[in-house]
Amino acid sequence: MDRWLADETILRFADIESEEHLMYVEAYTRILATHYAKRYPKARMTQKKIDNIVKASRYHDIGKIAIPDWVLLKDGRLSVGEMEILRTHASKGCEMFHVMGMTDDEEYNRICHNIILYHHEKYDGTGYPYGLRKDKIPKEAQIVGLADMYAVLVHGTGERKRFTKEEAFSMLMSGEFGEISPRLKECLAIAKDEIESYVVVKEKN
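These figures come from a predicted structure and were not determined experimentally.

Focus on the pattern of salt bridges
Taken as a whole and assessed by the stated rule, the structure comprises 12 salt bridges. Ionic pairing is found between Arg58 and Glu19, a salt bridge with its closest N-O pair at 3.0 Å. Residue Arg58 is located in the loop between α3 (47-57) and α4 (69-72), and its partner Glu19 is located in helix α2 (residues 19-39); the two are separated by 39 residues in the primary sequence. Across the pair Lys192 and Glu166 runs a salt bridge, and its minimum N-O distance is 2.6 Å.

Now the structure itself:
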């Protein structure tokens, strides 16, 4: 069983990510992973793996629970020291998963580990926590990292500035926030209309 991973309320209670943001990340992750599987069949991106990646994407930033509010909720630009504190959320989240979130599904455990720890790594080595380059970054982490960046740019989080869909697409394709892999650029371009047309449907109370 998933234990705390099965309890999605922990994310909302900790005010880490809005439910809407998580829903967008899930949707963009599924779209990108599905196109990746179709375009690169040798990658062996099975439907089960896609489903596991989408499920695990909800917990990409779970480590922010361990980040002090004075850093996490600060208005304006973070200092160098504050940014270093914020960046520890990847490793802290991975530690939390291994203590409290392990399941009986080894593949799902590996996917969760990779997404939580590596989703901020960049194809050009400018990411964190380890500065991994190119295909040393697990595919699932690359996919969720791209889905998360697009969701943040277009829909924002907190007081973060929002960009138009065209601006977000252009910035990601140009590597303004760190390079993404050529394969994922192809998938983003192919899926552009599908991603841009997706809208979260909120349930009425």
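Focus on empty space enclosed by the protein
One pass over the structure, following the stated rule, counts 1 cavity of 30 Å³ or more. The calculated volume of the largest cavity comes to roughly 90 Å³. Contributing to the lining of the largest cavity are 13 residues, with Glu121, Lys122, Gln142, Glu179 and Ile180 lying nearest its centre. If you tally residues by element for the lining of the largest cavity, the top one is helix α8 (residues 139-155), at 4 residues.

Side note on the side chain of His60
With respect to the helices and strands, His60 occurs in the loop between α3 and α4. In this structure the side chain of His60 is engaged in a polar contact, spanning 2.6 Å, whose partner is the backbone oxygen of Ser57. Within the structure, the side chain of His60 is placed 3.3 Å from the side chain of Asp148, a separation counted as a polar contact.

Rules used in this analysis
Residues numbered from 1 in each chain as written. Predicted model: local features only at pLDDT ≥ 70, side-chain atom pairs only at ≥ 80, totals over all residues. Heavy atoms only, no water. Salt bridge = Lys/Arg side-chain N within 4 Å of Asp/Glu carboxyl O. Helix = DSSP H or I, 4+ residues; strand = E, 2+ residues; numbered from the N terminus. 1 Å grid on protein atoms, 1.4 Å probe; cavity = no way out; pocket = protein on both sides within 12 Å on 5 of 7 lines; lining within 4 Å. Points joined across faces, edges and corners; volume = space filled by probe spheres on them. Polar contact = N/O pair within 3.5 Å; in protein donor to acceptor, adjacent residues only side chain to side chain.

That's the geometry; what it means functionally is another story.
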